[in-house]
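Close look at the chain arrangement
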Amino acid sequence: MERKSTMVELVEELRKLPESPEINFMIEEALAGEYHDYKNEKYVCGKLESSTRLRSLGYPELAQRIEQGEFDETMDMQDMKEMSAMIDADFPECADVLKAELGLNVKKH
């Protein structure tokens, strides 16, 4: 299955729903990366937040698509650099091992 982005394809799906303040808010959050696997800064789990909101608004089909991984992003270079820096700061004693396991081949600057 092709991975789709919450910042692009999920926004397109949200725009197909009847307009409402709640859907407009979700579109703004999706565009800002708040439902993205790596760019989210607001929620513990942006995917869970988006699917929960959609279910509460009466859109279980789109919520289920999110839950089933249709909108699971991969890391871009910026995401890799940020995760690498976080691991260096939080787990210095095993940073190299963790980064190797996660496929983060980003050199320190």
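Residues numbered from 1 in each chain as written. Predicted model: local features only at pLDDT ≥ 70, side-chain atom pairs only at ≥ 80, totals over all residues. Heavy atoms only, no water.

Here we come to the overall build of the chain. Looking only at helices and strands, the chain features 6 helices and 0 strands. Its helices and strands in sequence order give the chain the pattern α-α-α-α-α-α, from N to C terminus. The buried share of the chain, reckoned over its 109 residues, is 37%. Contacts in the chain between residues far apart in sequence, at least 24 positions, make up 51% of those at least 6 positions apart. Only carbon and sulfur atoms are counted for the fraction: they give 53% of the accessible area of the chain, which is about 7,000 Å². (Helix = DSSP H or I, 4+ residues; strand = E, 2+ residues; numbered from the N terminus. Buried < 20%, exposed > 50% of the residue type's maximum accessible area, 1.4 Å probe, protein only. Contact = heavy atoms within 4.5 Å. Areas by Shrake-Rupley, 256 points an atom, 1.4 Å probe, with all protein chains shown as cover.)

If you look at the biggest cluster of nonpolar residues, it comprises 16 residues, and the most contacted ones within it are Leu10, Leu14, Leu17, Ile23, Leu54 and Leu62. For this core, the secondary-structure elements that each account for two or more residues are helix H1 (9-16), helix H2 (21-31) and helix H4 (60-67). Here this core gets 4 residues from one element, more than from any other, and that element is H2. With residues near it in sequence (within four places) discarded, Leu62 still touches Leu10, Glu13, Leu14, Leu17, Leu54 and Phe71. (Core = buried A, V, L, I, M, F, W, Y, C linked by side-chain atoms within 4.5 Å.)

On to the packing of aromatic side chains. Summed over all chains, the structure comprises 1 aromatic pair. Consider the rings of Tyr35 and Tyr43, whose centres lie 6.4 Å apart with planes at 20°: the pair is stacked. On the basis of relative accessibility, which here comes to 0%, the residue Tyr35 falls in the buried class. A relative accessible area of 16% places Tyr43 in the buried class. (Phe/Tyr/Trp six-rings, centres within 6.5 Å; stacked < 30°, edge-to-face > 60°.)

Relative to the helices and strands, Ser51 is located in helix H3 (residues 46-56). Judged by its relative accessible area of 2%, Ser51 falls in the buried class. Here the side chain of Ser51 touches Leu48 through a polar contact of 3.3 Å, landing on its backbone oxygen. Reaching out from Ser51, the side chain makes a polar contact with the side chain of Glu67 at a distance of 3.3 Å. Aside from chain neighbours lying at most four places away, what touches Ser51 is Ala63, Ile66 and Glu67. (Polar contact = N/O pair within 3.5 Å; in protein donor to acceptor, adjacent residues only side chain to side chain.)

Here we come to the side chain of Ser5. Looking at the secondary structure, you find Ser5 in the segment before H1. Here Ser5 falls in the buried class, since its relative accessible area comes to 18%. The contacts of Ser5, once residues within four sequence positions are left out, are Leu10, Phe71 and Glu73.

Turning next to a nonpolar patch on the surface. A cluster of nonpolar side chains, contributed by Met86, Phe91 and Leu98, occupies part of the molecular surface with about 230 Å² of accessible area. Taking the relative accessible area as the measure of exposure, Leu98 reaches 30% and is therefore partly exposed. (Patch = residues over 30% accessible without salt bridge, like charges linked within 9 Å, V, L, I, M, F, W, Y side chains within 5 Å. Salt bridge = Lys/Arg side-chain N within 4 Å of Asp/Glu carboxyl O.)

Another aspect to go through is the confidence of the model for the chain. When pLDDT is averaged across the chain, the result is 88; 94% of the residues are at 70 or more. Least confident of the elements in the chain is helix H5 (residues 77-90), whose mean pLDDT is 82; most confident is H2, at 98. (pLDDT = per-residue confidence, 0-100.)

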